[in-house]
Amino acid sequence: MSSPEHKQKIWNLIKDIKVGMLVTQDDGVPRARPMHLVQSEYDGTIWFYTRRSAEKVIEAQQGDSEVCLTFSDQEEGVYVSMSGRARITNDQNIIDRYWSSEVAAWLPEKEDPDVVMLEIDIEMGEHWAAKESKVFQLYEVAKANVKSDKTPNIGENEKFGG
């Protein structure tokens, strides 16, 4: 399990990206769609609003409910991949906790029985964060090409548990 400090590090990487790609399985075929973060902190669980009738809900409940989330900010050189298990909840307290005007634009009535939360308990993941400028990264790649026994050092890469 990730420490609270590491969870904060992951949150700092993804919070400004706001939209991640949720990957589910549709009869064994990966299927991705964008999902908007609604929470203000990360404790090992990611929450999304959706409709109970949405295909992603059906897909997430097939088999063992394993899903993948990816977040990418190409300009900042930040890439995060997170895998975990998805569950659906219609707990009104949770729906109320994260409700906002942005959510209301997509789902006008929070009391609608079709409005549910997709809860993803993160089990593992990996992140990459480039610390240097694009020019430095290109230099590192070119240097690695000249010295075939070297790989470019263009930033941080770390695997993590939920």
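Attention in this report is confined to the structure presented alongside it. (Residues numbered from 1 in each chain as written. Predicted model: local features only at pLDDT ≥ 70, side-chain atom pairs only at ≥ 80, totals over all residues. Heavy atoms only, no water.)

## Considerations on the pairing of strand 4 (residues 66-73)
Applied cut-off: Here, any two strands with at least 2 DSSP bridges between them count as paired. Numbering of helices and strands runs from the N terminus; a helix is a DSSP stretch of H or I covering at least four residues, while a strand is a stretch of E covering at least two.
Where strand 1 (residues 19-26) and strand 4 come together, three bridges link them in antiparallel fashion. Counted as the bridge partner of methionine 21 is threonine 70 from strand 4. The pairing of strand 4 with strand 5 (residues 78-89) spans eight bridges and is classified as antiparallel. In the sheet register, threonine 70 faces strand 5, and the bridge partner there is serine 81.

## Points about the nonpolar core
Cut-off, in case you're wondering: Residues enter a nonpolar core if they are buried and are Ala, Val, Leu, Ile, Met, Phe, Trp, Tyr or Cys, with the set joined through side-chain atoms within 4.5 Å. Exposure categories follow from relative accessible area, calculated using a 1.4 Å probe and restricted to protein chains: below 20% of the type maximum is buried, above 50% is exposed, and the middle band is partly exposed. Contacts: residue pairs with any heavy atoms within 4.5 Å of one another.
Counting 24 residues, the largest nonpolar core has Ile14, Ile46, Leu69, Met82 and Ile120 as its most contacted members. Those elements that provide at least two residues to this core are helix 1 (4-14), strand 3 (45-51), strand 4, strand 5 and strand 6 (115-129). Those residues in contact with leucine 69 that sit more than four places away from it in its chain are Met21, Leu22, Ile46, Phe48, Val80, Ser81, Met82, Ile120 and Ile122.

## A short note on the pattern of salt bridges
A side chain of one charge can pair with a side chain of the opposite charge if their charged atoms are brought near each other. Quick note on the threshold: Only one rule defines a salt bridge in this text: a Lys or Arg side-chain nitrogen within 4 Å of an Asp or Glu carboxyl oxygen.
Considering all chains together, one arrives at eleven salt bridges under this definition. Here glutamate 59 and arginine 33 are joined by a salt bridge, their closest N and O atoms 2.8 Å apart. A residue pair is termed long-range when its members are at least 10 positions apart, and glutamate 59 in helix 2 (residues 55-61) and arginine 33 in strand 2 (residues 29-36) qualify at 26 residues. By the burial criterion, glutamate 59 is buried, and arginine 33 matches it. When the shortest N-O distance is used, the salt bridge between glutamate 123 and arginine 85 registers 3.1 Å. Taken as a pair, glutamate 123 in strand 6 and arginine 85 in strand 5 lie far apart in primary sequence, 38 residues in all. On the accessibility criterion, arginine 85 (31% relative accessible area) is partly exposed. One network of salt bridges, with partners in common, ties together Arg31, Arg33, Glu55 and Glu59.

## What about the pairing of strand 2?
Across eight bridges, strand 1 lies against strand 2 in antiparallel orientation. Paired with aspartate 26 across the bridge in strand 2 is valine 29. The antiparallel pairing of strand 1 with strand 2 creates a hairpin that spans two residues between the two strands, and aspartate 27 there sits at a positive phi of about 55°.

## Considering the environment of valine 80
Among the secondary structure elements, valine 80 is positioned in strand 5. In the structure, valine 80 is positioned 67 residues away from leucine 13 in sequence and 7.7 Å away in space, judged by C-alpha atoms. Beyond its immediate stretch of four places on either side in the chain, valine 80 contacts Leu13, Ile14, Leu69, Thr70, Phe71, Glu126 and His127.

## Points about the side chain of histidine 127
Relative to the elements of secondary structure, histidine 127 occurs in strand 6. By relative accessible area, histidine 127 is classed as buried at 0%.

## Here's the deal with the side chain of lysine 56
Tracing the backbone shows lysine 56 in helix 2. When near neighbours in sequence (up to four residues on either side) are disregarded, lysine 56 contacts Leu22, Thr24, Arg33, Met35 and Thr50.

## Section: unusual backbone geometry
Backbone geometry at lysine 18 places phi at a positive 70°, although glycine is not the residue there. Following the sequence through the fold, lysine 18 ends up in the loop between helix 1 and strand 1. By relative accessible area, lysine 18 is classed as partly exposed at 40%. At aspartate 27, a position not held by glycine, the phi torsion is positive, near 55°. Mapped onto the fold, aspartate 27 is located in the loop between strand 1 and strand 2. The class of aspartate 27 is exposed, set by a relative accessible area of 67%.

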